[in-house]
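Understanding the architecture of this molecule
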Amino acid sequence: LFAALVFEYINGFHDTANSIAMGVSTKALTPRVAIAIAAATNLAGALYGTAVAKTITKGLVDAEFVTTNTILCALMGGIVWNLITWWFGLPSSSSHALIGGLCGATLASAGGRWSAIIWTSGHDAHWWNNAGLLNKVVLPMVISPMLGLTAGMLVMGFLYAVLRSWRPGTVNRSFRLLQMFSGSYMGFSHGSN
C-alpha cells in the first residue's frame, strides 16, 4: 500500500505539470492558481474513474504468476523509471511505466516464461475489446499520437479560419478562459486515469 501511494505521489508531480504548463507559460494563470486547479481537478478525477486500473488488472499478464511481490516490484519499477525520466526531463507515461513494470515483474515471477505475458487474445470484431498488450497498450500507443496530430491540425486550421478577423485583445481574453478549461479538463482526465 505504501509503494502504491509513493507511485501515485510521484505520478502526480511527474505528470501534473503537463496540465498546467500552457496556462502558466502564456500567463493565463499564475503558478499558485494553476497548481491549485491541477490539485483539485486531479483529485476529482481520481475519485471519479479508474480507467487505467481496469486496463492493468486483467488481460495483460497471466494472473497465476502475479503475487504481492510481483505487484511490489512492478510499482518499484514504475517509481524508478518515473524518477529517472523526471530527473532528466524526458517525456514518459507513468501508466506505461507501471505496465512495463508489471510485465517485467510477471516475467521474472514466471521464471522467464514469456507465455506469462498475454500478447493478444480474443477475436472480437473490435480490436479494442480484446485483451493483451498488443490491443490494450501497443496499438493505442501508436494510433493515439497520429489521431492527436490529425485532430490538432484540424482544430488549428478551424481556429485560423474563424479567428483571422478577431482583435488580439478579444482572442487573448477568450483563450485565457479556454486555457483554464483545458488545463482543468486535462488534470481531471489525468486523475481519472
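Here's what I pulled together on the structure shown here. Please read all numbers here as calculations on a predicted model, not as lab measurements. (Residues numbered from 1 in each chain as written. Predicted model: local features only at pLDDT ≥ 70, side-chain atom pairs only at ≥ 80, totals over all residues. Heavy atoms only, no water.)

Before going further, it helps to examine the overall build of the protein chain. Along its length, the protein chain carries 7 helices and 0 strands. Going from the N terminus to the C terminus, the protein chain shows its helices and strands as α-α-α-α-α-α-α. Principal axes of the C-alpha set define a box for the protein chain whose edges measure 65 × 40 × 30 Å. Counting only residues that meet the buried cut, the protein chain has 30% of its 193 residues in that class. Once local pairs closer than 6 in sequence are excluded, the contacts in the protein chain between residues at least 24 apart make up 69%. For the protein chain, the accessible area works out to roughly 12700 Å², and carbon and sulfur atoms hold 71% of it. Of the side chains in the protein chain, 10 bear a positive and 5 a negative charge, and the two mean positions are spaced by 25 Å. (Helix = DSSP H or I, 4+ residues; strand = E, 2+ residues; numbered from the N terminus. Buried < 20%, exposed > 50% of the residue type's maximum accessible area, 1.4 Å probe, protein only. Contact = heavy atoms within 4.5 Å. Areas by Shrake-Rupley, 256 points an atom, 1.4 Å probe, with all protein chains shown as cover. Lys, Arg positive; Asp, Glu negative; His and termini not counted. Charge placed at Lys NZ, Arg CZ, Asp CG, Glu CD.)

Bringing the packing of aromatic side chains into the picture now. Under the counting rule described, the total for this entry stands at 3 aromatic pairs. Centroid distance Y48 to F188: 5.4 Å. Interplanar angle 45 degrees. Geometry classified as tilted. Of this pair, Y48 sits in helix α2 (residues 31-48) while F188 sits in helix α7 (residues 168-192), and the two are 140 residues apart along the sequence. Look at Y48 and you get exposed, because its relative accessible area is 65%. Since its relative accessible area comes to 27%, F188 is described here as partly exposed. (Phe/Tyr/Trp six-rings, centres within 6.5 Å; stacked < 30°, edge-to-face > 60°.)

Bringing the environment of I99 into the picture now. Relative to the assigned elements, I99 resides in helix α5 (residues 94-109). Setting aside anything within four residues of it in sequence, one finds I99 in contact with I56, L60, L133 and V137.

A separate point is a nonpolar patch on the surface. Together, Y9, F13, V80, W81, L83, I84, W86, W87, F88 and L90 line one region of the surface with nonpolar side chains, adding up to about 1100 Å² of accessible area. The set of elements that each furnish at least two residues to the nonpolar patch consists of α1 (2-25) and α4 (68-88). Element by element, the count of residues in the nonpolar patch is highest for α4, at 7 residues. Within the secondary structure layout, W87 lies in helix α4. (Patch = residues over 30% accessible without salt bridge, like charges linked within 9 Å, V, L, I, M, F, W, Y side chains within 5 Å. Salt bridge = Lys/Arg side-chain N within 4 Å of Asp/Glu carboxyl O.)

Formed by 18 residues in total, the largest nonpolar core has its most connected members in L60, I99, C103 and L133. Where this core is concerned, the elements lending two or more residues are α1, α4, α5 and α6 (133-163). (Core = buried A, V, L, I, M, F, W, Y, C linked by side-chain atoms within 4.5 Å.)

Inspection of the secondary structure puts G132 in the loop between α5 and α6. Not counting the four nearest positions on each side in its chain, G132 is found in contact with G59, L60, I118, W119, T120 and V137.

Moving on, we come to the packing of α2 against α7. Relative to each other, α2 and α7 sit at 40 degrees, their axes nearing to 6 Å. One way to sum up the angle between α2 and α7 is to call them oblique. The crossing of α2 and α7 is right-handed. Residue-level inspection shows I37, T41, N42, A44, G45, A46 and Y48 of α2 in contact with α7, the latter providing S184, G187, F188, H190, G191 and S192. When its residues are assigned to classes, the contact of α2 with α7 shows 5 nonpolar, 8 polar and no charged. (Axes fitted to C-alpha atoms, helices over the stretch in contact; angles between N-to-C directions. Parallel < 35°, antiparallel > 145°, perpendicular 65-115°, else oblique. Left-handed = near helix turned anticlockwise from the far one by under 90°. Nonpolar A, V, L, I, M, F, W, Y, C, P; charged D, E, K, R; others polar.)

Packing of α1 against α2 brings their axes to within 9 Å, and their N-to-C directions diverge by 145 degrees. At the point where α1 passes α2, the crossing takes the right-handed sense. Note on element contacts: α2 touches α1 through P31, A34, I35, A38 and N42, opposite T16, S19, I20 and V24. Taken together, the residues that form the contact of α1 with α2 break down as 6 nonpolar, 3 polar and no charged.

The quantities given are spatial measurements derived from coordinates; they are silent on function.
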